[in-house]
Amino acid sequence: MATQPSAPRKTDIGPPHYEQFLHPVIKKNYGQWKYHEYLKPGVMVHVAESGDKIYSIRVGSPRLISVDVIRLFADLADKYCDGFLRFTSRNNVEFLTDKEKSIEPLIKDVEAQGYPVGGTGNAISNIIHTQGWVHCHSAATDVSGLVKATMDELYEYFVDMKLPYKLKLAAACCLNMCGAVHCSDIAILGIHRRPPKIKDEQVSRVCEIPTTVSSCPTAAIRPTTVEGKQTVKVDEDRCMFCANCYTVCPAMPIADALNDGVSLWVGGKVSNARSEPMFTKLAHPFLPNNPPRCRRVDRADWLAEVL
Amino acid sequence: MKRSRQALVELLRARKYPEVLVTFGAHRKTVRSLRSLLYAEEALVKWRTVSMFGWLAAERPDLIAQEVDRLIWSLNDEAGSIGRGAPECIGEIGRNNIGLVQHGVDVVIHYIEDPETCRPPNRNTEILVGVLWALGRLGGGKPKRVQKVMPVLLSFTEDPDAAVRGMAAWSLGQIGGADATARLQGLTEDAGVTLLYEDEQLNEKTVAAIAREALAHLNR
Amino acid sequence: MADHKLRETPLLDDLQKGPWPSFVTDMKKIAERKPMVNDLLGQLELSYKERVGHWKHGGLVGVIGYGGGVIGRYSDSPDKFPDVAHFHTVRVNQPSGWFYTSQALRDLCDIWEAHGSGMTNMHGSTGDCVFLGTTSEELEPIFAKLTEKGWDLGGSGSDVRTPSCCNAMARCEYACYDAMDVCYNITMEYQDELHRPAFPYKWKFKFAGCPNDCVASIARSDLSVIGTWRDDIRIDQAAVKAYADTGMDIRADVTRKCPTACMRYDGKEIHINNRQCNRCMHCINAMPKALRPGKDTGATILIGGKAPIIEGALLSSVLVPFMKMDKDDDYQEFKDLMERIWEFWDEHGVNRERIGECIERVGLGNFLEAIEVDPQPEHVKHPRTNPYIFYEEYFEDDGTG
């Protein structure tokens, strides 16, 4: 067990400075941009005061990607963009070039590799999402699968710009809502529907009881003693299954294969344009987990109707 | 920031605990800087920071009223961070001012009962050693506090890792009792080597030496 | 090449069909050479079958010297899936605006391929590049190789989390301040707070160049910095005419949609009563060639955004209506304010209490007083409706009144 490092270690160096990653046209025109236009779905041009142009080709990505996929993006960037690219705040990848003639060959190559060009303007820009069963230990559902199934259904709205306006989607595997589920236009939220199953003999050993009690938004948790052991009990009428207690107290697991599922939320927004940011509102309280595609209830039809 | 961090480290190396507050101010920012030093790569700096928290517990408990809750939380793997130095701090704070740790101390005491966190293959040995040290500090003041976990504590004297055996031995020497004495007598030939923080000094010792010193301490 | 039997995954295989790129196809390919991913697929398939996750609480892991940046994760079925017995996450601090070169990406891929599962998230919700799945023994080697190539870990735990930003001045004409530079500057300034958790709970910065807030800063971060301006929107009336000539219905789509009704289009020119403008960006978004933010730019600072747990979701609320983000001053005014806020939160925040919840509990008035910010009309959404007022001044009946 090593507690002493052997040689002076570099620490606290922070990220690399972004400047080294900027396309020369971007660097030259930094802070001097004049306007932008959509040339077609997935292709933007930004025009600088100087007249210089930078083209951005936006490509959909599953976010959960292997080094093979990243290397593919790197290869494409080398081939068509002098190696310059970026990722977006909604998990897409953008290839950046100042050469208009590179656009079509890049698009053809990207699409041949199985990646869609789109997500710009009045479109769905991808679904922000969390780890789900792939990695999250408080997940009520899987999210990568849900996102894949949903984007398959809504694919036409990614590769085109035919919606009334931008549509931001998000999916989260539990109420911690990593991402922006609480403010997206349409959101899918993993939920539990049964109270935690308390392991009394573990609680006082691994959980700080006051923190566990105060972790409950509805004050449903009280300290108690069971067979001489300090533990907690949950008032099941007050419990709304948020699983925050499980986060602070590992002795209160809450996942329930029969009753966990997803809820659907509508009507949030993150930006200030025209109106203030808003929270999403509950549209459908429960759909059962039915991996891989939740086909049983044909929810994709519902979403298509909403659009 | 880097300059002042170095100055803080120098004061801790020199064991000038009151001067820390005089130089950097008696406010939360100083305490946060100390929390940060629990992660210092140099072991002595981490341990002196632990002693500094003990000093604060005795002299300026108002500055660390919230600290124990946060230290306990950092031992929960859901916290997303690693509670290096947290068990030691809780032990040292508890030794100096038991009122400050009432809520959290059981989590530290019972930590060694969880095989997930304390036995191979998934354990964090440094945290475990820190907990064993804390048990010594807490139990050394009040042995009754740690009686419930004595059987498990005794079992760590047979751990494959010398650092764990050594700290368990030291801890038993602080707590005492017939079982502790008997177990320590079985360790007086253990040639495993470890680092021990005692009386604010960090020294390399064999488990055997620790056991012998512990027995001498108990028999005085 | 594979010396391990590839897992059968009938449920997951269904997700290989369909037009959207399939993470299953990707994972199955890398599983041929990466046993970790093979077992990950196996465990995920079991989760799909049983409809429950298979990760558990486990021991704490990290790299020496840091309190965060690594999230420990352990399979609850290591006998069935030994290659995901450990499956920890390493957060790598992304470059501002997520700009990369192909070489930079290859450097990261090579490190990760050699020491982990090869699966990533590009990117995590906070902004980090996420290396998904490695063992405890690999953490120090990964860290050493990352720093050697100029990369560092992101934040996790009760610390300052990795700041993120939009692409602002790199590519966007709407940018009102250099959000990418601020993001980098703040990340470097607060490295200690980022790597060594010492706060009541997490703290998230997100920097948006304009009120469009493409990083959802107001929705998601404790401290939102939203670019804005305080002079007049710039109008190019020739470009306005050009939009009209293309058939744009300027009244219906732009001036009549203005939320403060401060715009007028007389058939030839757009007129804006800037004193009424709330700088929402709608008209600018609609006519980017004709309308632009003003030139006297800076940022609005908002505080308190967070997701629901525990007291409910909050949107950030205005703290400083306008602050110049002055690069020449090293953003000192901003940093001074941050440190006053942190001092307050550190002292008064209970464990796992976000700043937004802390302010709600102690009261905005007390908070503003403590951080030495004067109350302003912009702090108030609407005047009180509750008539239970604690009047402090009153007349005495002493004959002089």
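Cut-offs used in this document
Residues numbered from 1 in each chain as written. Chains lettered and ligands numbered in written order. Predicted model: local features only at pLDDT ≥ 70, side-chain atom pairs only at ≥ 80, totals over all residues. Heavy atoms only, no water. pLDDT = per-residue confidence, 0-100. Helix = DSSP H or I, 4+ residues; strand = E, 2+ residues; numbered from the N terminus. Expected span 1.5 Å × (residues − 1). Buried < 20%, exposed > 50% of the residue type's maximum accessible area, 1.4 Å probe, protein only. 1 Å grid on protein atoms, 1.4 Å probe; cavity = no way out; pocket = protein on both sides within 12 Å on 5 of 7 lines; lining within 4 Å. Points joined across faces, edges and corners; volume = space filled by probe spheres on them. Nonpolar A, V, L, I, M, F, W, Y, C, P; charged D, E, K, R; others polar. Domains from an automatic or database assignment. Contact = heavy atoms within 4.5 Å. Buried area = accessible area lost by both parts, 1.4 Å probe. Salt bridge = Lys/Arg side-chain N within 4 Å of Asp/Glu carboxyl O. Polar contact = N/O pair within 3.5 Å; in protein donor to acceptor, adjacent residues only side chain to side chain. Core = buried A, V, L, I, M, F, W, Y, C linked by side-chain atoms within 4.5 Å. Pairing = 2+ DSSP bridges. Axes fitted to C-alpha atoms, helices over the stretch in contact; angles between N-to-C directions.

Asker: I'd love a proper account of the confidence of the model for chain C, names of residues and values included.
Answerer: Residues with a pLDDT of 70 or more make up 98% of chain C, whose mean pLDDT is 95. The ipTM value of the predicted complex is 0.95, and its pTM value is 0.94.

Asker: I'd like to hear about helix α2 (residues 67-81) of chain A, residue by residue, with values.
Answerer: All names here are of chain A. The end-to-end C-alpha separation of α2 is 20 Å, in line with the 21 Å expected for 15 residues at 1.5 Å each. Of all the 15 residues making up α2, eleven are buried; the element is thus mostly covered by neighbouring parts of the structure. Of all the positions in α2, only Val67, Asp68, Val69, Ile70, Leu72, Phe73, Ala74, Leu76, Ala77, Tyr80 and Cys81 are classed as buried. Phi for aspartate 82, located one or two positions after α2, is positive at around 55°.

Asker: Please set out the layout of surface pockets residue by residue, giving values where relevant.
Answerer: Residues and elements named next belong to chain C. In this structure, the second largest pocket spans a volume of roughly 1600 Å³. When its residues are assigned to classes, the lining of the second largest pocket shows 22 nonpolar, 13 polar and eight charged. Residue-level mapping places the lining of the second largest pocket at the junction of two domains, with at least three residues from each of domain 3 (164-227 + 299-379) and domain 4 (234-292).

Asker: Could you give me a rundown of the interface of chain A and chain B, with the residues and numbers involved?
Answerer: Taken together, the contacts link 18 residues of chain A with 19 residues of chain B. In total, chain A and chain B occlude about 1500 Å² of area from one another, counting both sides; carbon and sulfur atoms represent 53% of this. Glu41(B) is the salt-bridge partner of Arg9(A), the closest N and O atoms lying 3.1 Å from each other. When contributions to the side of chain A that touches chain B are tallied by element, the ones reaching two or more residues are α5 (200-206) and α7 (244-248) of chain A. By residue number, the principal contributor to the side of chain A that touches chain B is α5(A), which donates three residues. In terms of residue class, the side of chain A that touches chain B is built from eight nonpolar, seven polar and three charged.

Asker: Can you break down the interface of chain A and chain C residue by residue, with the values?
Answerer: One widely used convention gives an interface's size as the accessible area the parts lose upon coming together. Listed per partner, the contact involves 111 residues of chain A and 112 residues of chain C. Summed over both partners, the interface of chain A with chain C buries about 9900 Å², with 60% contributed by carbon and sulfur atoms. On inspection of chain A and its partner chain C, the count reaches 13 salt bridges. Connecting chain A to chain C are 57 residue pairs in polar contact (both at pLDDT 80 or more). Take the side of chain A that touches chain C: its biggest share by element is eight residues, from α2(A). Considering only residue class, the side of chain A that touches chain C consists of 55 nonpolar, 36 polar and 20 charged.

Asker: Could you give an account of the nonpolar core, with specific residues and numbers?
Answerer: The biggest cluster of nonpolar side chains holds 178 residues, and the ones touching the most others in it are Phe95(A), Tyr100(C), Trp203(C), Phe207(C), Phe334(C), Ile341(C) and Phe367(C). By residue number, the principal contributor to this core is α2(A), which donates nine residues. Apart from the residues lying within four places of it in its own chain, the contact partners of Ile341(C) are Trp203(C), Leu223(C), Ile303(C), Leu319(C), Ile355(C), Phe367(C) and Ile371(C). Ala43(B), Val107(B), Ala162(B) and Ile175(B) belong to the second largest nonpolar core, which has 75 residues in total.

Asker: A description of the environment of Arg58(A) should follow, citing residues and the corresponding values.
Answerer: All names here are of chain A. Mapping arginine 58 onto the fold places it in strand β3 (residues 53-59). Spatially, the C-alpha atom of arginine 58 lies 19 Å from that of alanine 48, the residues being ten residues apart in sequence. Residues in contact with arginine 58, not counting those within four places in the same chain, are Gly42, Met44, Thr88, Asn92, Val93, Glu94, Pro116, Val117, Gly118, Gly119 and Thr120.

Asker: Tell me about helix α4 (residues 102-115) of chain C, and name the residues and values.
Answerer: Residue and element names in this part refer to chain C. Compared with an ideal rise of 1.5 Å per residue, which puts 14 residues at 20 Å, α4 spans 20 Å between its outermost C-alpha atoms and is within 8% of the ideal. In terms of burial, α4 is a largely internal element, eleven of the 14 residues being buried. For α4, the set of buried residues is Ser102, Ala104, Leu105, Arg106, Asp107, Leu108, Cys109, Ile111, Trp112, Glu113 and His115.

Asker: So what's going on with the sheet that holds strand β9 (residues 205-208) of chain C? Which residues, and what values?
Answerer: Residue and element names in this part refer to chain C. Reading across the sheet, the five strands line up as β8-β9-β10-β15-β16 and stay open at both edges, with mixed pairing between neighbours. At either margin of the open sheet sits one strand with a lone partner, and together these are β8 (164-165) and β16 (317-323). For β9 and strand β10 (residues 223-229), the ladder comprises four bridges, and the chain directions are parallel. Of the residues in β10, the one forming a bridge with alanine 208 is isoleucine 226. Its contacts with the sheet place helix α7 (residues 179-189) against β8 and β9, and it is angled at close to 160° to β9.

Asker: Explain the domain arrangement of chain C residue by residue, including any values.
Answerer: Residue and element names in this part refer to chain C. Taken domain by domain, chain C holds domain 1 (10-52), domain 2 (56-148), domain 3 (164-227 + 299-379) and domain 4 (234-292). Taking only C-alpha atoms into account, the centre of domain 1 sits 20 Å from that of domain 2. Contacts between the two partners involve 13 residues from domain 1, matched on the other side by 16 residues from domain 2. Counting each side, the surface lost to burial between domain 1 and domain 2 is near 1200 Å², with a carbon and sulfur contribution of 64%. Viewed at the interface, domain 2 and domain 1 are joined by one salt bridge. Between arginine 33 and glutamate 113 there is a salt bridge; the shortest N-O distance is 2.9 Å. Where domain 1 touches domain 2, the interface holds five residue pairs in polar contact (both at pLDDT 80 or more). Secondary-structure elements contributing two or more residues to the side of domain 1 that touches domain 2 are α2 (23-31) and α3 (35-50). The element best represented in the side of domain 1 that touches domain 2 is α3, accounting for eight residues. For the side of domain 1 that touches domain 2, the class distribution of residues is seven nonpolar, two polar and four charged.

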